[in-house]
Amino acid sequence: MNGKLRAGLFAAWFLFSLAGLSSGVESGSAAQKAKTLAAALAAGMEFRAIGPALSSGRISDVVIHPRRRATWYVAAGSGGVWKTE
C-alpha cells in the first residue's frame, strides 16, 4: 500500500471516529459538517479485490535469506515460488 493511500485511509478513519465521538458533544451543525467531510473523503474510494477469493491463492511458506534479509522466497499452496528483494 503506498504512502498516500495509507495516509488517506488513516485520515478517513480519524474523521469518522471524530464524527462519531463528537456527535453527542457538539452542536448539530458541527457534527454534520464532520460527517459530510468524512463522507467526501471516502467518496473517491472503491471496493476492490486485494487477495485471492479461492483457497488456491494461499501462502504455504515464507523463507527469508539468512544473510540478505531483504530477499524473501514465498511458496503458494497451488504451486509456484516467488522471490522478492
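First things first, this report covers the structure right here in the doc. Everything quoted here is computed from the prediction, not taken from an experiment.

1. Quick look at the environment of Val62
No. 1: Its place among the elements puts Val62 in strand S1 (residues 59-64).
No. 2: On the accessibility criterion, Val62 (40% relative accessible area) is partly exposed.
No. 3: Distance from Val62 to Trp72, taken between C-alpha atoms, is 7.0 Å for residues 10 residues apart in sequence.
No. 4: With near-sequence residues (within four places) excluded, Val62 lies in contact with Trp72, Tyr73 and Val74.

2. A short note on the sheet that holds strand S2 (residues 72-76)
No. 1: Strand order across the open sheet formed by 3 strands is S1-S2-S3, with antiparallel pairing between neighbours. Taken across any chain shown, the strands that pair with only one partner, and hence form the sheet edges, are S1 and strand S3 (81-84). The sheet shows a mean angle of 20 degrees between the axes of neighbouring strands, direction not considered.
No. 2: Relative to S3, S2 runs antiparallel, the two sharing 4 bridges. Looking across to S3, one finds that Trp72 is bridged to Thr84.

Conventions and cut-offs
Residues numbered from 1 in each chain as written. Predicted model: local features only at pLDDT ≥ 70, side-chain atom pairs only at ≥ 80, totals over all residues. Heavy atoms only, no water. Helix = DSSP H or I, 4+ residues; strand = E, 2+ residues; numbered from the N terminus. Buried < 20%, exposed > 50% of the residue type's maximum accessible area, 1.4 Å probe, protein only. Contact = heavy atoms within 4.5 Å. Pairing = 2+ DSSP bridges. Axes fitted to C-alpha atoms, helices over the stretch in contact; angles between N-to-C directions.

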